[in-house]
Structure formats: structure tokens, C-alpha cells
Amino acid sequence: MTALKKGPALDRFRLLAAVLVVCIHTGPLSVYRETADFWLCRVAARTAVPFFLMLSGYFLERDGWASTGRFWKKTLGLYAAAVLLYLPLNLYCGGYSPLEWGKRLALDGTLYHLWYFPAVLLGVWVARGLLHLGRPAALAAAVGLYLLGLGGDSYFGLALRFPAAERFYAGLFQLFSHSRNGLFYVPLFLLLGAAGKRWSPSVSALGAALGLALMSAEGFALRALGWQRHDSMYLTLPLCMMFLFSLLLSQNRGEDRRARRLSMLVYLLHPWFIALVWAGDRFAAPLVEHSLVRFAAVLAASFLAALSLDGLRPLPIPARSRVWREIDLSALRQNARALQALLPRGCELMAVLKADAYGHGAVRSARCLEKAGVRAFAVACLGEGVALRKGGVRGTVLILGYTSPELVPLLRRWRLTQTVVDEAHGHALADRGRPVRVHLALDTGMCRLGVPAEDTAALERLYERKELRIGGVFSHLCVSDDLERQAETDAQLARFHRAVRSLRQRGLDPGKLHIQASYGLLNLPPQPCAYVRAGILLYGVGSGGSSVRQWPPLCPVLSLRARVACVRVLQKGDRAGYGLEFQAARKTRLAVVTLGYADGLPRNLAQRGGRVLIRGRVCPMAGRMCMDQLLVDVTDAPEVQAGDTATLIGRDGGAEIPAEEVAERCGTITNELLSRLGNRALPVYRRDGERPASTAF
Ligand SMILES: *Cc1c(COP(=O)(O)O)cnc(C)c1O
């Protein structure tokens, strides 16, 4: 099993699952043997829908069910499109009463295969509701619901022997037309997918095979007993699915978005082709009477239609085509854990995500940090705060900079916490007449933002404003990165703690306190505070230069990469680039790399000994950096060719160019270097355990 090459197994299985659904609706083997067709369509193919449900549960779990709302809206959109798509068929077949139509729309789907959508829409909320009970209880409840569903499905004959059960199901079928629905059927598979239980590949394969064998025995037994009202729920189905899903997970690497789209399109479109093939029945009866031919025709037509529809999509631009920032989310999470380990009891990390998380992508970084238990975030401005909320980030979001008082409604709408930058700002915010969450900034010596720490009268006046919901008091240190200047930092700390004491003596609650940023955390003893506002360290690098008292185990998160556009050969004495600054001292191979200063790297880097990694080799930059291109001397790396990946920051093979080195060459700090990489270099995120994707196109 381990010898198998891993690939996007989950996405590829979607295609097979879509084929199985087409089987269910066309009965390909019915001309040959009734029993064979029963096994294929009523037993084996019954794995298809649970697979889709487990997949949804698996992905919902991966981001902590934070995307449930988005998932629901997307499913609703697809359902709406499908309802419209099948409206002509509905009309042709003759309508239901408006009441019946509404009921079907909400519970059963407006055409037979569309039951899936209302079932998922209901089931995802049921599953999420159950999760509030805790995982084991939720799973137990979902199993209970599934067992109830069985009684209305393949064990109906058994249920009918008990009058109470008979009445229960009779009542149920007034509402739903099947017990295979969002209440009894969907939650269990969503939760099993979310649990994502894994066995070794061989155990999984064995389990899946055994599960399928048991399910076959169960199916044929039930058929012989004549108990089935419907045949999509088996006692052994969840068991079989757990092993099958585990097997797929063990072989899964990467994704195949096209397979995803095609399987969905085939699922959506195939009933139309069934209808059309049946219509063709009148003209070519001998052809379509053959069940296998009918199946093949429907399948081929559905896939062709899906392929052509998918082909209409505008071609996406691959992120790795020119310049990209590779963000290693597992490194980010590891760094958060390493910093959390330095915090005293009762003190939490406030992740500083300003400037798009120092060029790392604020929303993705925040969602990743949430998984490491981070509940508080800081941004520079209102727009950044709103972007986090729109990305589904919960918890405290503190705006560290100025926000115009006119924007109080937006602060409220997005539940953001605003910094009061001085006394006048605080009153102006309060004058809008609506409650607003704030933290008070105290100026303890930096002379940037904040009410002077000694100005008790000003602080008292702010506390009198009922509109200001003061949840915290903080300050910022300006020389904490310099161990030689400890006295100045100590003076700032003393002013801060004195101001806090004085507030408390007056019976005013300062709320959450915070004063340390990254270097304050490294160089100061633990402070009696609620937060440490960490920025640069989260991204796994130091600002550069200064010595520190302690250094936790951190791992750089960002790599900056580009492509080699072409390679050219210069003879000794030839010149190249703007100002013809580069002159070949020998026969030279120059690689033109697809990155320039407009991508965020400082222009002076090329003249200050900047280096690039290509094929694991260190190659010097040559001449002046252009806006969109860069020349690199690859004479000593003869294997370099067009299309190769060039690394400007990060690792390639055994070699590394740390962000600190680049910043130092350019005479700046990593904070500036990284936060400028935002606009043209596309982000590429890497999750846990994923290897960097192949560098080929
Ligand atoms: C940017 C910023 C931080 C984070 O600083 P790092 O040195 O990157 O940790 C913390 N507090 C305030 C007020 C900031 O402006």
C-alpha cells in the first residue's frame, strides 16, 4: 500500500462517486442480472452519497466549523441553480399543489436526486447543534438518529411489526418522503467525516472490503425478507464508510479542483440526460432499451456537458507562475505555540496582523492562529479589522491606530475594539452617542499615541464617558529591542504600572493590560498583563541586528520565489542592465528572474551583494534591479534553465537566504521588508505536512 504514489485521492474519488450516482439512476446491469444490478446500484453505489457528506464534514472540521455559514450559502446557491435547471422537467411532468411544492422544496428536493441539497442544508445545522453536546455525545446522538432512519428505510418491514413505530413512521412520511434525510441520515456521515478517523492503509483497505461484504450480505438478506421500503441506509454502511474514507485519506495528497467541479456538474446534469435519452426512446428504442448502453450514453453525455461547461470557465492564473509568497501555516502555528510557552499564567498572545500580517495574509494567518488557541488579534486600521471579520475571524480585534469618530457605526457593526489615541479622540468617539469598545493607549515615553500616563484627570474624564466601553489599557515600548537601554524601558514600565495603580485606587477598572511587543517579550521579565502583542516573532524571524535575552525555537513562515524567464550568455567585457552597470569579467551566463522592486524587494539589494537560490545554489544578483526583472549571474550553476524556480527569501535544498540577511543588506528591518511584499507577489499557502508543491508549471 505504501508503495502507491499519493495523489488527490479524495477529489478523484468524487468522480467515481458521481459515476455511482448515475448508476443508481440508470441501472446499467438490469438487462443482465437483476441481482447484479441490485448489488451495484442498491449496495455498492450507496457509498457515494455518504462519501460526499463525509468529505463536507471533513472540510468543515478542518477550520473548526467556522465556515458553516459559507458552506450553507454555497449549497443553497447550488440548490437554487439546480431547482431552476429542472423547472422545465417539473412543469413537463405535471406540477404539485403549491403547498406540496413548498414542502418538497424545503425537505425533499424538487426532483428525485435533488433531495441531497435540502438534506445537507438541514443536516449541517443538526450536526453542528449536536456538537454542542461534546463529540462523543454528538456522535452517539447521530447514531441514534441514523438507527431511527433505518426503521423507515431498509428495515421498514421490521418496524411495521411494532404499532408505535408504525405510527411514528406514518407521521414522519407525512412530512418527509424518506427517512434518508437531513435529520436521520446526513448528521452521522458529516460527523464521521469530521472525526476523520485513520487506520493504516492496509487495515483501512481490509476494513472497507469487509464492510462492503457485510453490507452486501445485509442488502441481500433484507431484500429476501422484503423489509425494504427504500434501500439507501444499512446498518453496516457507516462502518464500511469509515474504513473507505480512512483509506482515501491515507492516499490523499494535494487537490484536484477540476475533478471537484466535474463531479458536481455530472451530479447536477445527469438527470437531464436521462430524460433526454428516454425521450430518444421513441425514435431509437432498441438502442436505449439496453440498460448498459443507456447508462453509457447518459454518462458520456453528462461528462461531455460537464467538460464543456467547465471549459467555459476563465482560465485561472496559477499562483506560482511569476512571483509568489509561500506561507507555511504549520510553521506559523508552531511559532504561536513557542511564544505561548514564554507567557506567564493568565497572559495570552495577541497576534499582530497589521499590513496583511506582515505580508503573510491576515485572514489565513488569523484562522490558522485560532487553531493554536489565539483569541485576540491586533490590526492597524478599520479596513484590516473588517477584512478579518469578513474572513470569519472571531475573538477580540483591536485597532492599534486612529479611526475617525464618524466611523463608530462601522466599529460597532463589526464588533471591533478601537484604540483611544488621545483625550480628544476619546471624547469625539463618545460624542457619536453610541457605545463603542475601546482600549486606552497610554503614552509612557514614545510620544506617539496615547494619553500621557500621568494625566490622571484626563483619564478620569474619559472614564466618565458612558459610551466608551473601556476594556483595556495599554502602552508601547520604544527601545525594548536594545539591551543597553534597559533604564529607559524600565522608566516606561514604571510609568505604565503607576498609571494603572492610580486608576485602580480611584475605583476605575483598567481591564486588560498590555505593554510588551515581540522584543518586550524576549527581553523583559514577565509582566502582570493580560496580553503580549506579538508581531514579527510570530512570523518566525527577528527584526534583525539586536541581541536579545532569550530566543524561543522559531521557524520562518514566508519564502519568496520567482521564475527564471530566460538565460543568456555574455562574452567577457559585455555589459548588461540599466546603466549597463554589470560588466562580464569572464564568459558569463545571466538568468533573467521574474521579480523586480515593484514586487516589494528593495531596489538597492542588487547592488549590495544580494543573492538568489536556484537549484539549491547560491547565485549573485548582477547589475541594477528593474521594476519587474532581475539579472542573476548563474555562470557557476550551469544546469540553470528557463522555468526554474528562484528563491529570494527562504530555503531551497540545503541552502537558505534568511529574511534577516536581506533586510540587513538593504539597511532595513525584516518588519519593513516583509510587510512590503503584499501586492503583486501572490500568496500560496501550505498546510500541515504538505510538502512544497512541485516547482514545475
Ligand atoms: C506593530 C506593533 C506591535 C507588534 O510589534 P512587533 O515588534 O512586530 O512584535 C505591537 N504593538 C503595537 C502598538 C504595534 O504598533
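Scroll up a little and you will see the structure.
Now for a quick tour of the structure. All of these numbers come straight from a predicted model, not from anything done at the bench. (Residues numbered from 1 in each chain as written. Predicted model: local features only at pLDDT ≥ 70, side-chain atom pairs only at ≥ 80, totals over all residues. Heavy atoms only, no water.)

1. Brief notes about the layout of surface pockets
Taken as a whole, the second largest pocket spans an internal volume of roughly 830 Å³. Around the second largest pocket, the lining comprises 39 residues; the ones closest to its centre are Lys354, Arg448, His476, Leu477 and Ala517. Among the secondary structure elements, those contributing two or more residues to the lining of the second largest pocket are α17 (354-359), β6 (436-443), α24 (518-523) and α26 (670-675). Its residues assigned to classes, the lining of the second largest pocket comprises 18 nonpolar, 16 polar and five charged. (1 Å grid on protein atoms, 1.4 Å probe; cavity = no way out; pocket = protein on both sides within 12 Å on 5 of 7 lines; lining within 4 Å. Points joined across faces, edges and corners; volume = space filled by probe spheres on them. Helix = DSSP H or I, 4+ residues; strand = E, 2+ residues; numbered from the N terminus. Nonpolar A, V, L, I, M, F, W, Y, C, P; charged D, E, K, R; others polar.)

2. Re the side chain of Asp231
Checked against the element boundaries, Asp231 lands in the loop between α11 (201-225) and α12 (237-250). At 2.6 Å, the side chain of Asp231 forms a polar contact with the side chain of Arg46. (Polar contact = N/O pair within 3.5 Å; in protein donor to acceptor, adjacent residues only side chain to side chain.)

3. What to know about the site of the ligand
Close contacts around the ligand come from 13 residues, with Lys354, Tyr358, Ser518, Arg533 and Gly535 the closest. Tyr358 places a polar side-chain atom, nitrogen or oxygen, 2.5 Å from an oxygen atom of the ligand. Coverage of the ligand by the protein chains reaches 88% of its 390 Å² of free accessible surface. Of all the secondary-structure elements, those providing two or more residues to the shell around the ligand are α17 and β10 (531-534). By residue class, the composition of the shell around the ligand is six nonpolar, four polar and three charged. (Near = heavy atom within 4 Å. Areas by Shrake-Rupley, 256 points an atom, 1.4 Å probe, with all protein chains shown as cover.)

4. Considering empty space enclosed by the protein
Counted under the stated rule, the structure contains one cavity of 30 Å³ or more. Empty space within the largest cavity amounts to approximately 30 Å³. Along the walls of the largest cavity sit Val479, Ser480, Asp482, Leu483, Gln486, Thr489, Asn523 and Leu524, which together make up its complete lining. Considering only residue class, the lining of the largest cavity consists of three nonpolar, four polar and one charged.

5. Some details on a positive patch on the surface
On the surface, Lys390, Arg394, Arg412, Arg413, Arg415, Arg434, Arg437 and Arg469 cluster together to form a positively charged patch. Residue placement: Arg437 occurs in strand β6. On the accessibility criterion, Arg437 (44% relative accessible area) is partly exposed. (Patch = residues over 30% accessible without salt bridge, like charges linked within 9 Å, V, L, I, M, F, W, Y side chains within 5 Å. Salt bridge = Lys/Arg side-chain N within 4 Å of Asp/Glu carboxyl O. Lys, Arg positive; Asp, Glu negative; His and termini not counted. Charge placed at Lys NZ, Arg CZ, Asp CG, Glu CD. Buried < 20%, exposed > 50% of the residue type's maximum accessible area, 1.4 Å probe, protein only.)

Read these as layout, nothing more, since geometry by itself doesn't imply function.
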